[in-house]
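# Results of the structural survey
Now for the letters of each chain:
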Number of protein chains: 2
Amino acid sequence: MKTFEIGRARPVNSVVTSESIVRISRIEVDPAQLPEYLALVTECGRESMTKEPGVYMMYSMQEKAHPERITILEIYADRAAYEHHVQTPHFQKYKQETMKMVRQLDLLDQNPLVPEMRMK
Amino acid sequence: MKTFEIGRARPVNSVVTSESIVRISRIEVDPAQLPEYLALVTECGRESMTKEPGVYMMYSMQEKAHPERITILEIYADRAAYEHHVQTPHFQKYKQETMKMVRQLDLLDQNPLVPEMRMK
């Protein structure tokens, strides 16, 4: 069975540079609204990866021991790619519809120690 | 210039399944020993990705606002791949030599929301 690989559908020419934005977003969600939140964050991640060449990664994870804690590894080619991302309809939908679900949001910008590393 | 892409050097057949281990390791390092720590964690990440087919990702990052805070996104094919990893000489070297540099270590196992997503 061939698994569809988001991010492998287009030619690979993405390179993380010192201009790139590598960010960990840590989000705590109202547990009562978790299923709705998960659907929205998943949809936004898929659309961002599919439609935006400058979004290199948007890997969302749910902590097993605390399912209301979400972490997203976000990588943007550069600031222009990030500025474009936050204007897209799919991000605006996510932002508006999740606003009342999110209890805490921490945006933690990172320096990748091995910028050329790629997920296998 | 062709950038060497760790994880693209071998044929791609890695698939994240429910047997995989997706983990965020959060590490706080003694600031006085940070340069030595960064060299060791970088070396271990490169060797793991190069030498271990079952290590799908070992993406280490340093928080810009708090450089002593390190986050590693680790993805192992399955538990056997993880058990193999912790026995390798490169991991054992990292573990032994960084033991006195690490002030806090949190291992946070995750459920990936879009398991088939790959970094571009």
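Structure: see above.
Okay, so let's go over this structure. (Residues numbered from 1 in each chain as written. Chains lettered and ligands numbered in written order. Predicted model: local features only at pLDDT ≥ 70, side-chain atom pairs only at ≥ 80, totals over all residues. Heavy atoms only, no water.)

### Topic: the interface of chain B and chain A
On the side of chain A, 48 residues touch chain B, which itself brings 48 residues to the contact. Roughly 4,700 Å² of surface becomes buried between chain B and chain A when both sides are summed, with 59% attributable to carbon and sulfur atoms. The largest contributions to the chain B side of the interface with chain A come from B:L113, B:M117 and B:K120, which together make up 20% of the buried area. The interface formed by chain B and chain A holds two salt bridges in total. (Contact = heavy atoms within 4.5 Å. Buried area = accessible area lost by both parts, 1.4 Å probe. Salt bridge = Lys/Arg side-chain N within 4 Å of Asp/Glu carboxyl O.)

### Focus: the relation of the copies chain B and chain A
Once turned by 180 degrees and shifted 0.0 Å along the axis, chain B lies on chain A with an RMSD of 0.0 Å. With respect to symmetry, the two chain copies, as superposed, fit the operation of a two-fold axis. Distance from the rotation axis, computed per C-alpha, reaches its smallest value in chain B at B:M119: 2.9 Å. Comparing interface residues between copies, 98% of those in chain B also sit at the interface in chain A, which points to an isologous, same-surface contact. (Least-squares fit on C-alpha atoms with pLDDT ≥ 70 in both.)

### Here we look at the pairing of strand 3 (residues 69–76) of chain B
Residues and elements named next belong to chain B. With seven of eight residues buried, strand 3 lies mostly within the body of the structure. Pairing between strand 1 (residues 21–29) and strand 3: eight bridges, direction antiparallel. Among the inter-strand pairings, V22 is bridged to a residue of strand 3, identified as I75. Where strand 2 (residues 55–63) meets strand 3, seven bridges bridge the pair, whose relative direction is antiparallel. Opposite V55, over in strand 3, you have Y76 as the bridge partner. Hairpin remark: strand 2 followed by strand 3, antiparallel, with five residues in the connecting loop. (Buried < 20%, exposed > 50% of the residue type's maximum accessible area, 1.4 Å probe, protein only. Helix = DSSP H or I, 4+ residues; strand = E, 2+ residues; numbered from the N terminus. Pairing = 2+ DSSP bridges.)

### Here's the deal with the sheet that holds strand 3 (residues 69–76) of chain A
Taken together, the eight strands give a closed barrel; going around it, the order is 1(A)-3(A)-2(A)-4(B)-1(B)-3(B)-2(B)-4(A), and neighbouring strands pair in antiparallel fashion. The mean angle between the axes of side-by-side strands here comes to 35 degrees, regardless of whether they run parallel or antiparallel. With eight bridges connecting them, strand 1 of chain B and strand 4 (residues 102–112) of chain B associate as antiparallel partners. Residue pairing for strand 4 of chain B: B:S25 is matched across the bridge by B:L107. The sheet strands contacting helix 1 (residues 34–51) of chain B are strand 1, strand 2, strand 3 and strand 4 of chain B, and the helix crosses strand 2 of chain B at an angle near 160 degrees. (Axes fitted to C-alpha atoms, helices over the stretch in contact; angles between N-to-C directions.)

### With respect to the packing of helix 1 (residues 34–51) of chain A against helix 3 (residues 89–98) of chain A
Geometry of a packed helix pair, given as the angle between the helix axes and the separation of the axes. Residue and element names in this part refer to chain A. One way to put it is that helix 1 packs onto helix 3 with a least axis distance of 9 Å and a crossing angle of 165 degrees. It follows from the interaxial angle that helix 1 and helix 3 lie roughly antiparallel. You can see that helix 1 and helix 3 cross each other, and the crossing is left-handed. Contacts from Y37, L40, V41, E43, C44, E47, S48 and K51 of helix 1 reach helix 3 at H90, F91, K93, Y94, E97 and T98. Grouping the amino acids of the contact of helix 1 with helix 3 by side-chain chemistry returns six nonpolar, three polar and five charged. (Parallel < 35°, antiparallel > 145°, perpendicular 65-115°, else oblique. Left-handed = near helix turned anticlockwise from the far one by under 90°. Nonpolar A, V, L, I, M, F, W, Y, C, P; charged D, E, K, R; others polar.)

### Brief notes about the side chain of B:S25
You can see B:S25 is positioned in strand 1. At a separation of 2.7 Å, a polar atom in the side chain of B:S25 contacts the side chain of B:E74. (Polar contact = N/O pair within 3.5 Å; in protein donor to acceptor, adjacent residues only side chain to side chain.)

### A few points about the side chain of B:T42
The topology assignment puts B:T42 in helix 1. The exposure class assigned to B:T42 is buried, which follows from its relative accessible area of 16%. Of note is the side chain of B:T42, whose polar atom sits 2.7 Å from the backbone oxygen of B:L38. Beyond its immediate chain neighbours, meaning those up to four positions away, B:T42 contacts A:L113 and A:V114.

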